[in-house]
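Architecture at a glance
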Amino acid sequence: MTKRIAVFASGNGSNFQVIAEQFPVAFVFSDHRDAYVLERAKKLGVPSYAFELKEFDNKTAYEEAIIDLLDKHEIDLVVLAGYMKIVASPLLARYEGRMINIHPAYLPEFPGAHGIEDAWYAGVEESGVTIHWVDSGVDSGKIIRQERVPRLESDTIDTFEERIHAMEYRLYPEVLESLGVERRR
Ligand code: GRF
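Residues numbered from 1 in each chain as written. Predicted model: local features only at pLDDT ≥ 70, side-chain atom pairs only at ≥ 80, totals over all residues. Heavy atoms only, no water.

In the nomenclature of an unreviewed UniProt entry, the protein chain corresponds to Phosphoribosylglycinamide formyltransferase from the organism Streptococcus sciuri. Looking at the Sequence similarities (unreviewed entry) heading of the UniProt record, one finds this comment for the protein chain: "Belongs to the GART family." (UniProt positions renumbered as here; feature names shortened; annotations may be inferred.)

This is the structure in structure tokens:
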């Protein structure tokens, strides 16, 4: 039996798009009602939900609403792809071991929200991409897969970023398949 996945994204959603073109996605969730990922979902015919933390009394209530969606859709694996919130206790308690994240650096190097820029301005010769299990820290969970991406002489921050993203688009589908998510037929 294939694993049923949901993808969480806060903004652009290019990783979501790559995943949804290759795998059935039960739904996409965004914590921003105006996120571009929601337009991508519509075009791809993937169900989507969006609500914002500020619409709830507290983060627990917000995450309980997310848990309801995951339960309703019988999700086996939560795939974070540019979801820019820390996952807190009700959601993590319920889905730890069933939630993965992609980070655009070679963890534990350059965790946090600006992994690409931080590596670039640190002047590294190489950075990378990491896919890991989500735990209560920031980009700190057990690593599933990571690959190096070199910084080339000719790179600008834009070309460096493009090559990091290209590696993300290659690795996330490979990892999903390795975790038992079946490709579209
Ligand atoms: C990706 O670089 C991902 O690694 C990071 O946020 C970015 C999201 O990009 N966590 P997109 O929304 O998938 O285009």
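A few words now on the side chain of Ser127. In this structure, Ser127 sits in strand E6 (residues 126-133). For Ser127, the contacting residues outside a window of four places in its chain are Pro104, Ala105, Tyr106, Ala119, Glu147, Arg148, Val149, Phe160 and Ile164. (Helix = DSSP H or I, 4+ residues; strand = E, 2+ residues; numbered from the N terminus. Contact = heavy atoms within 4.5 Å.)

A few words on the pattern of salt bridges. Counted according to the given criterion, the structure contains twelve salt bridges. With a shortest N-O distance of 2.1 Å, Asp155 and Arg163 are connected by a salt bridge. Looking at Arg163, the relative accessible area reads 26%, which means it is partly exposed. In the salt-bridge network here, residues are joined through shared partners; they are Arg145, Glu147, Arg170 and Glu174. (Salt bridge = Lys/Arg side-chain N within 4 Å of Asp/Glu carboxyl O. Buried < 20%, exposed > 50% of the residue type's maximum accessible area, 1.4 Å probe, protein only.)

This next bit is on the UniProt feature "site: Raises pKa of active site His" (unreviewed entry) in the protein chain. UniProt marks Asp139 with the feature "site: Raises pKa of active site His" (unreviewed entry), using the numbering shown here. Tracing the backbone through its elements, the reader meets Asp139 in the loop between E6 and strand E7 (143-150). Relative accessible area serves as the criterion here: at 16%, Asp139 is assigned to the buried category. Aside from chain neighbours lying at most four places away, what touches Asp139 is Asn101, His103, Leu107, Pro111, Gly112 and His132. Looking at Asp139, its side chain comes within polar contact range of the side chain of His103, at 3.3 Å. (Polar contact = N/O pair within 3.5 Å; in protein donor to acceptor, adjacent residues only side chain to side chain.)

For helix H3 (residues 59-72), which comprises 14 residues, the first-to-last C-alpha distance of 20 Å matches the rise-based estimate of 20 Å (1.5 Å per residue) to within 8%. In this fold, the buried residues of H3 make contact with strand E1 (5-8), strand E2 (27-30), strand E3 (48-50), strand E4 (77-80) and helix H4 (89-95). The opening residue of H3, the one whose side-chain oxygen lies 3.2 Å from the backbone nitrogen of Thr60, is Asn58. (Expected span 1.5 Å × (residues − 1).)

Attention now moves to unusual backbone geometry. The linkage connecting Leu107 with the following residue, Pro108, adopts the cis geometry, with an omega of 10°. Even without a glycine there, the phi angle at Phe110 is positive, about 50°. Looking at the secondary structure, you find Phe110 in the loop between strand E5 (99-103) and helix H5 (115-122). For Asp139, which is not glycine, the phi dihedral falls at a positive 55°.

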